[in-house]
Structure formats: C-alpha cells, structure tokens
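Chain residues, written in single-letter form:
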Amino acid sequence: MKINFTLNGKETSGDWPAEKRLLDVIREDLGLTGTKEGCGEGECGACSVLLDGKIVNSCLIPLGQAEGARVVTPEGLKENPRGKAILDAFAQAGAVQCGFCTPGMMMAAEALLSRNPKPDEQAVREAISGNLCRCTGYDKIVLAILLAAEKGDGLW
Amino acid sequence: MVETYRPESLQEALEIRARGALPFGGGTDLMVARRGYTGNLPQFDGTLLFTDRVAELRRITVAEEVMEIGAAVTMTELLEHPETPDLLREALALIAAPGIRNRATLGGNIGNASPAGDSLVPLYLYDARVELESLRGSRIIPLKELITGVRKLTLADNELLTRIILPLTVFTRTSYRKVGTRRANALSKLSFSGALTLKRDGTIEDLRIALGAVAPTVVRRETIEKSLQGKSLEGLNPKETAQKWANDITPINDQRSTAAYRKQVALNLIAGFIRKAQEEL
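Residues numbered from 1 in each chain as written. Chains lettered and ligands numbered in written order. Predicted model: local features only at pLDDT ≥ 70, side-chain atom pairs only at ≥ 80, totals over all residues. Heavy atoms only, no water.

(A) Molecular detail of the overall build of chain B. Within chain B one finds 11 helices and 13 strands. Relative to its 281 residues, chain B shows a buried fraction of 53%. Across chain B, every contact between residues at least 6 apart in sequence was considered, and the portion connecting residues at least 24 apart equals 63%. Element-wise, carbon and sulfur atoms account for 47% of the exposed surface of chain B, whose accessible area totals about 12800 Å². Here chain B carries 38 positive and 34 negative side-chain charges, and the mean point of each set is 7 Å from the other. (Helix = DSSP H or I, 4+ residues; strand = E, 2+ residues; numbered from the N terminus. Buried < 20%, exposed > 50% of the residue type's maximum accessible area, 1.4 Å probe, protein only. Contact = heavy atoms within 4.5 Å. Areas by Shrake-Rupley, 256 points an atom, 1.4 Å probe, with all protein chains shown as cover. Lys, Arg positive; Asp, Glu negative; His and termini not counted. Charge placed at Lys NZ, Arg CZ, Asp CG, Glu CD.)

(B) Expanded view of the overall build of chain A. A count of helical and extended segments in chain A gives six helices and five strands. In chain A, the succession of α and β elements from N to C terminus is β-β-α-β-β-β-α-α-α-α-α. By principal-axis analysis of the C-alpha atoms, chain A measures approximately 45 × 30 × 25 Å. Taken across its 156 residues, chain A has 55% of its residues classed as buried. Counting only carbon and sulfur atoms, one obtains 49% of the accessible surface of chain A, whose full area is about 6600 Å². Where the 17 positive side-chain charges of chain A centre and where its 21 negative ones centre are 4 Å apart.

(C) Spatial organisation of the packing of aromatic side chains. Residues and elements named next belong to chain B. All chains considered together, the criterion is met by five aromatic pairs over all chains. Judged by centre distance (4.9 Å) and plane angle (80°), the rings of F24 and F50 are edge-to-face. Here the residue F24 occupies a position in strand 2 (residues 22-24), and F50 occupies one in strand 3 (residues 47-50), the gap between them amounting to 26 residues. Each member of the pair, F24 together with F50, is buried. Look at Y126 and F171: their rings are 5.5 Å apart centre to centre, the planes differ by 70°, and that puts the pair in the edge-to-face class. Highlighted residues: Y126 in the loop between helix 7 (120-125) and strand 6 (129-134) and F171 in the loop between strand 10 (160-167) and strand 11 (173-179), separated in sequence by 45 residues. What makes Y126 buried here is its relative accessible area of 4%. What makes F171 buried here is its relative accessible area of 12%. (Phe/Tyr/Trp six-rings, centres within 6.5 Å; stacked < 30°, edge-to-face > 60°.)

(D) Representation of the environment of I165 of chain B in the model. Residue and element names in this part refer to chain B. Along the chain, the position of I165 falls in strand 10. Along the backbone, I165 and T181 are 16 residues apart, and their C-alpha atoms lie at a distance of 32 Å. Discounting residues that sit within four places of it in the chain, I165 has contacts with V66, M67, E68, A128, R129 and I140.

(E) Structural view of the sheet that holds strand 4 (residues 54-57) of chain A. Residue and element names in this part refer to chain A. Pairing within the open sheet is mixed, and its five strands lie in the order 2-1-5-3-4. The strands lining the two open edges of the sheet, one partner per strand, are strand 2 (10-15) and strand 4. Strand-to-strand twist across the sheet, computed as the mean angle between neighbouring axes with direction ignored, equals 40°. Helix 4 (residues 102-113) rests against strand 3 (48-51), strand 4 and strand 5 (70-72) of the sheet, and its axis sits at about 35° to strand 3. (Pairing = 2+ DSSP bridges. Axes fitted to C-alpha atoms, helices over the stretch in contact; angles between N-to-C directions.)

(F) Fine view of the interface of chain B and chain A. Chain B puts 31 residues into the contact, and the matching count from chain A is 32 residues. A buried area of about 2500 Å², summed over both sides, lies between chain B and chain A, and 52% of it is on carbon and sulfur atoms. The interface formed by chain B and chain A includes 12 residue pairs in polar contact (both at pLDDT 80 or more). The set of elements that each furnish at least two residues to the side of chain B that touches chain A consists of helix 2 (30-33), strand 3 and helix 5 (98-101) of chain B. No other element matches helix 5 of chain B, which puts four residues into the side of chain B that touches chain A. (Buried area = accessible area lost by both parts, 1.4 Å probe. Polar contact = N/O pair within 3.5 Å; in protein donor to acceptor, adjacent residues only side chain to side chain.)

(G) Spatial organisation of the side chain of E133 of chain B. Residue and element names in this part refer to chain B. Considering the arrangement of structural elements, one finds E133 in strand 6. Of the side chains with opposite charge, R163 lies nearest to the buried E133, which makes no salt bridge, at 5.3 Å. Excluding its chain neighbours within four sequence positions, the residues that come into contact with E133 are L10, L14, S138, N158, E159, L160 and T162. (Salt bridge = Lys/Arg side-chain N within 4 Å of Asp/Glu carboxyl O.)

(H) Broad picture of helix 4 (residues 86-93) of chain B. Three or more residues of helix 4 of chain B are buried, namely L87, L88, A91 and L92 of chain B. The buried residues of helix 4 of chain B occupy an angular sector of 130° when the element is viewed end-on, so they sit on one face. (Arc of directions from axis to C-beta.)

(I) Spotlight on the environment of I55 of chain A. The topology assignment puts I55 of chain A in strand 4. Judged by its relative accessible area of 7%, I55 of chain A falls in the buried class. Among residues more than four places away in sequence, those in contact with I55 of chain A are S48, V49, L50, G104, M107, A108 and A111 of chain A together with P98, G99 and N102 of chain B.

(J) Expanded view of helix 4 of chain A. All names here are of chain A. Counted at 1.5 Å a residue, the expected span for helix 4 with its 12 residues is 16 Å, and the 16 Å between its end C-alpha atoms agrees. The element helix 4 is largely enclosed, with a buried count of 12 among its 12 residues. Where helix 4 is concerned, the buried positions are T102, P103, G104, M105, M106, M107, A108, A109, E110, A111, L112 and L113. (Expected span 1.5 Å × (residues − 1).)

(K) Representation of the nonpolar core in the model. Counting 51 residues, the largest nonpolar core has I110, L123, V130, L143 and L166 of chain B as the members making the most contacts within it. When residues in this core are grouped by element, the largest group, five residues, is from helix 7 of chain B. Excluding anything up to four places from it in sequence, V130 of chain B contacts I110, R139, I140, I141, L143, L146, L161, R163 and I164 of chain B. Judged by nonpolar contacts, the second largest core, of 30 residues, contains I55, A95, M106 and A109 of chain A. (Core = buried A, V, L, I, M, F, W, Y, C linked by side-chain atoms within 4.5 Å.)

(L) How the structure looks around the side chain of S188 of chain B. Residue and element names in this part refer to chain B. Relative to the elements of secondary structure, S188 occurs in the loop between strand 11 and strand 12 (190-198). Given the relative accessible area of 1%, S188 is considered buried. At 2.6 Å, the side chain of S188 forms a polar contact with the side chain of D118. Every residue in contact with S188, bar those within four places of it in the chain, is listed here: A116, D118, K178, V179, A213, R256 and R262.

Shown next as structure tokens:
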C-alpha cells in the first residue's frame, strides 16, 4: 500500500504493507537507526518517536496509521536547537552510559518540554516513565532534562 | 495478505465491520498479541479496521451530567478533558506510560476485556453503558453485560462498540487504588474503586465498590451495596463490612500475584476506604 507521511520535516512515501511496524520502516527501509528496538511490546520506550507531536512507541504503530502524520525521530530532533540543547544537557549531566535508552529519553524530553517548558522533577519522572534505563538509575537523566529546561530558556 | 481500511465516517466503518473486519483502535494490545518478532510483519489475517480517523468515534460530549465518549478516544484525550471524573482520571493516569496512553483507546481497553483492565473498574462503578452499532441498527447495554468473562464479549461479529455512556454522578468521596509492582507500565495485581455519598445525618445514601483483577470480570455487587444504604457510616465495623464481599472476590494465582494476596489486599482496601471515610466524618 502506498503510504505518505512527513518524516523529520520531509515528505516521505513508499509502498509498504499497512500493518508493518513504523519502527521497522524507519530502521530497515529508511535507514534511520537512531530509533531502537528494546522490547517490541511498548514497555521500554527505546523505540519512542514523536507522532504529531506526541510521544509514542513506534513498535506498536502500524504504518497504515502513520499515513498523513508528522513523525520525528532522534535524527530529526538533534537537527534543531531544542534537540541540540537536550543533547548537550545529557552530555553535561553525565546522563549517558551505554546510550541505548538515550534516543528514546531525548524524545520523551522533547515531548515534555514542548508542553511544559519548566517542569518540576515529578513531571520529568512522569514524562520518562515509559522509558527504561538499565545503566544510570535515572537520576542523571532527570537532572539532564531539568538542565535542558533551564539552559534552553526561550527554546520551548 | 492483510487488507486494511481507515475510514473517516462511521457509516463506512460499519460497512467494513459488517464484512468481519477486526476493529483496531490504538493497537497497543493487538500489535503485541500479534507480534511477528524482529524482521517479520505482525501476524494479522483477514481485514483490519483502523478506527482512529472516524470522527464520530473520537468525540467526547458532555450534556446533562452524562459524558459520552467515543470508542476511539485515547486515554490521554480522556485524561485531558476537564470533565472526566477524578476516579476515572486516577485509573487512567496509572495505565502503562505516556507513549501507550497517547494511542490506547477506551474502546480498546473494553474490547480487550482483560480481567485486569484498569479503565473498566471505575466504568463499572459509574454504571457505564455502551452503544453497539451495526448496519442493522444500534443497542445500548450496561457495560457489565458486554463483558461476560476473560476476553469474552456479547458483541456480534458485525457490531462495533461506538460509544461509552458515563453518568457523571457526584459522590461525597471517591478513592482509587492500583496495586502493582511499579508506578508505571505495571499490570495490576488488583485495583480498587470506591465511592460514597452520605446523607446529612451521616447515613449512607450511596456506597459503591468495584474491584479489578480479582475475578474473571470486574467485581461489583449492588445487593451488598444496597444492604448498607441507610446505615450509619460511623456504626460500621470496617473489617466486618469488607467481609461481605469475600465470597465474590475469586482471584487466581498467576505470574503477577497470588490468589491469597489479592483477596487479602482487596478486603483491606475495602475496609480502609470505610475507615478513612469514618475518620474524616
């Protein structure tokens, strides 16, 4: 089936089975491997992308439901000032160890800050509650997002 | 080969459903149940009916103290609606995580009919009804009559769940409690909804208890509730009162919890609800 959607700001289309996971199209067909597969069942958040501005697990989105949508992946996020601010904050706060959860965490950060530019710690923890990290214990990730909100004043 | 349809009108959706298509809301249950593992397509056959673009199924309307929720409304949309009752809001907020809530639909949580479905417990407490439509017409039945067992619905193959009708009953106090392993992305070991309205003289006008994940379907016993109407709240013994529900709490042992734990905690939560209400008299 011919599916059209906007990916990282660019009109994208292709012929794919409508039930194919958005995650697989992004990674395998379009070569954007910033989005990861951790569990394939919507529990870990490593596959998080923004769909029409909302955080979703791309392992659960059939491509047919992405038709006409705006999709943003980590590659798209890091190209704009907000993404750069989040990246810098993660680096500065020491919030990255193996890095596997990091793309998903960054998408969750953007989803949060675009709605709530000055979140408190509780709001940050709630925003990343769908993202699992096996390395850091989450504290530095929370600090990174609070840091991004602080240093990125005016960006969100 | 799977055929998929993403209609924008209810009429079209009903026509596709009449051909036996599988309704697909947010996909948060179906895409897991039918997963094909990495590199493979999800295992669907026949026809899929994506409901996310059907305008009539995405609406929330409030009129005369009744909220009507389209079956394809997402958990997030319902959470963000200002008139969603606190009890339902508290239950929805503890479902999964933001990414799931942005896609999961109320109709899907009902259609999945899991004994541990979290939205179901407050819906049963509020005496929610559901509208089931087909090309032949529509019928409205209490939600408790739609779900008859574990993943069992009295829904015909040509019928589509279109609306959830929620009376916005106001209570003196409500309480929701989910018992799970962690704050997010936890399937309930059990869940509890309680609502109470007192008369001015401290007697019970309305007391409702609903429990999730302790039986094949949500536990709600109006006969027990009615037997407590008119009684003085202060005069109740919380533990003894909770025991009235004991025979109807029939949980199982599974990977999440044991029957004994679920039963004991359910009784504790009922007793606690009564005790807390008494303390705040």
